[in-house]
Amino acid sequence: MIHIDIKIAVIGLNHGYKFANDILKMDGVSLVGVAGNDTLASMRAKKLQVPLFTDYKDLLEQCDMDGAIITLPNHLHAEAVQQCALKGIAALVEKPIAPTIEAGQAIIQYAQTADIPLLVGHHRRFSNKVNKIKEIITSGLLGDLVGVHMMFALAKDHAYFTEDWRITKGGGPLLINAAHDIDNIRYITGLTIDRVYAASRNQIRNNKVEDAASILLETKEGPTMTYFVSDGVPSPWSYELTAGENPKYPQNQSDCYFFFGTKGSIAFPSMQIHTYDEKQHGWDYPLHTKKIHVDDNDPMTAELHHFIDVIKNKAAPRVTGEDALETLKVVLAIKQAADEKEIVSIKK
Ligand SMILES: NC(=O)c1ccc[n+]([C@@H]2O[C@H](COP(=O)([O-])OP(=O)(O)OC[C@H]3O[C@@H](n4cnc5c(N)ncnc54)[C@H](O)[C@@H]3O)[C@@H](O)[C@H]2O)c1
């Protein structure tokens with residue numbers, strides 16, 4: 001039997017390093033080259049023992065491949081997808097799809113015109129825990145969903161903020177981190193966020209981007225949501241530090257999302273559900289608490305396997321450009337609301 005080898009390149013070797021290592025461990029998939037233009041990238045390329053290109057366009061030009069994983073800074077996503085489209089190869093582009101709606105739309109257009117598969121890296125949609133809570137909420141176990149509260153509250157290390165793109169327009173915790181939580185909440189609840197209000201500040205570090213924000217989200221279907229974001233406050237209450245899905249971060253036994261329904265509530269990722277007996281309903285009676293077990297998985301690896309299936313034409317991209325653009329619209333509406341101190345309606 002002929003063994004078909006799928007050839008992939010990884011563009012960007014910080015977040016992209018895990019993909020590169022995962023590819024090396026896979027059967028039937030080869031890593032043709034990597035791109036990066038800093039010392040960390042050259043050290044990592046040596047460890048991977050694959051060719052390094054300091055300009056990713058040379059990598060795309062000189063190596064034969066079926067797909068590329070783009071883990072470049074946000075403002076470089078559009079140009080990199082355009083280059084993949086010109087080569088006619090599949091693209092997995094990191095989240096957020098882009099820093100602006102226009103750039104996000106351009107990415108979708110490049111992929112459509114060249115008819116290349118486009119997958120956006122909202123990898124938490126591949127998390128067993130995320131999919132379990134989506135199933136629980138959809139099943140009606142909590143009754144009608146009334147509200148949600150989310151937190152991304154943690155302190156990043158000082159070195160993180162030496163990268164210029166992270167602390168200037170196009171970076172910041174709303175675009176870099178809230179993009180994950182907003183996408184999660186859209187995916188888990190299936191709700192359409194249509195109006196947002198936010199108050200943000202930058203007084204922890206005084207950079208050009210926010211370092212904290214309090215956010216209120218309204219949905220077309222009715223449930224309301226609150227969300228606190230900060231990347232400069234020591235705290236365990238974030239997906240990163242509670243879900244235990246990324247070995248880079250120590251896991252804390254805490255929660256980051258809370259879902260409230262007419263029949264019960266659930267915390268994520270502990271999966272603790274609180275309900276009442278039908279005959280003993282209300283605050284005079286004890287709440288019944290149970291924990292739902294979920295087997296852990298590695299969502300980034302699951303996403304990579306899905307990308308390979310997309311390349312092989314065995315699956316359609318589970319996170320399309322259009323869907324990722326809806327997440328981006330919410331994130332940018334939050335930024336606009338905070339800047340203008342006005343409620344912002346999100347256009348379809
Ligand atoms: N899905 C996730 O959980 C997750 C986590 C972290 C970052 N990200 C996303 O991944 C992307 C990259 O983030 P990061 O933190 O790794 O960024 P980074 O700035 O730390 O790393 C960027 C990488 O791209 C390389 N690079 C930059 N310009 C280049 C060029 N012109 N040619 C070749 N290489 C070039 C750099 O050398 C570096 O290896 C962003 O879109 C970010 O939002 C996603």
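Given the structure is predicted, the values throughout are model-derived calculations rather than measurements.

## Quick look at the sheet that holds strand β11 (residues 257-261)
And step 1. The mixed open sheet is built from nine strands, whose spatial order is β14-β13-β12-β11-β7-β10-β9-β8-β15. Each of the sheet's edge strands pairs with one partner strand only, and the pair in question is β14 (288-291) and β15 (344-345).
And step 2. Taken together, the seven bridges between strand β7 (residues 145-153) and strand β10 (residues 224-230) define a ladder with parallel strand orientation. Among the inter-strand pairings, Val148 is bridged to a residue of β10, identified as Met225.
And step 3. Docked against the sheet, helix α10 (residues 321-340) engages β8 (193-201), β9 (212-219) and β15, running at close to 50° with respect to β8.

## Overview of the domain arrangement of the protein chain
And step 1. When its domains are assigned, the protein chain resolves into domain 1 (6-124 + 300-320) and domain 2 (125-296 + 329-345).
And step 2. Here the element with the most residues in the side of domain 1 that touches domain 2 is helix α9 (residues 299-311); it accounts for three residues.

## As for the site of the ligand
And step 1. In the region of the ligand, 22 residues are neighbours, and Gly12, Asn14, His15, Gly36 and Glu94 sit closest.
And step 2. Class assignment for the residues of the shell around the ligand results in eight nonpolar, nine polar and five charged.

## Description of the packing of helix α5 (residues 101-114) against α10
And step 1. It is at 10 Å that the axes of α5 and α10 come closest, and there the two elements cross at 175°. Taken together, the axes of α5 and α10 lie roughly antiparallel to each other. Counted together, Ile101, Gly104, Gln105, Ile107, Ile108 and Ala111 of α5 and Gly321, Glu322, Leu325, Leu328, Lys329 and Leu332 of α10 form the full contact between these two elements.
And step 2. Here the residues of the contact of α5 with α10 sort into seven nonpolar, three polar and two charged.

Conventions we followed
- Residues numbered from 1 in each chain as written.
- Predicted model: local features only at pLDDT ≥ 70, side-chain atom pairs only at ≥ 80, totals over all residues.
- Pairing = 2+ DSSP bridges.
- Helix = DSSP H or I, 4+ residues; strand = E, 2+ residues; numbered from the N terminus.
- Contact = placed C-beta atoms within 7 Å.
- Axes fitted to C-alpha atoms, helices over the stretch in contact; angles between N-to-C directions.
- Domains from an automatic or database assignment.
- Near = placed C-beta within 6 Å.
- Nonpolar A, V, L, I, M, F, W, Y, C, P; charged D, E, K, R; others polar.
- Parallel < 35°, antiparallel > 145°, perpendicular 65-115°, else oblique.

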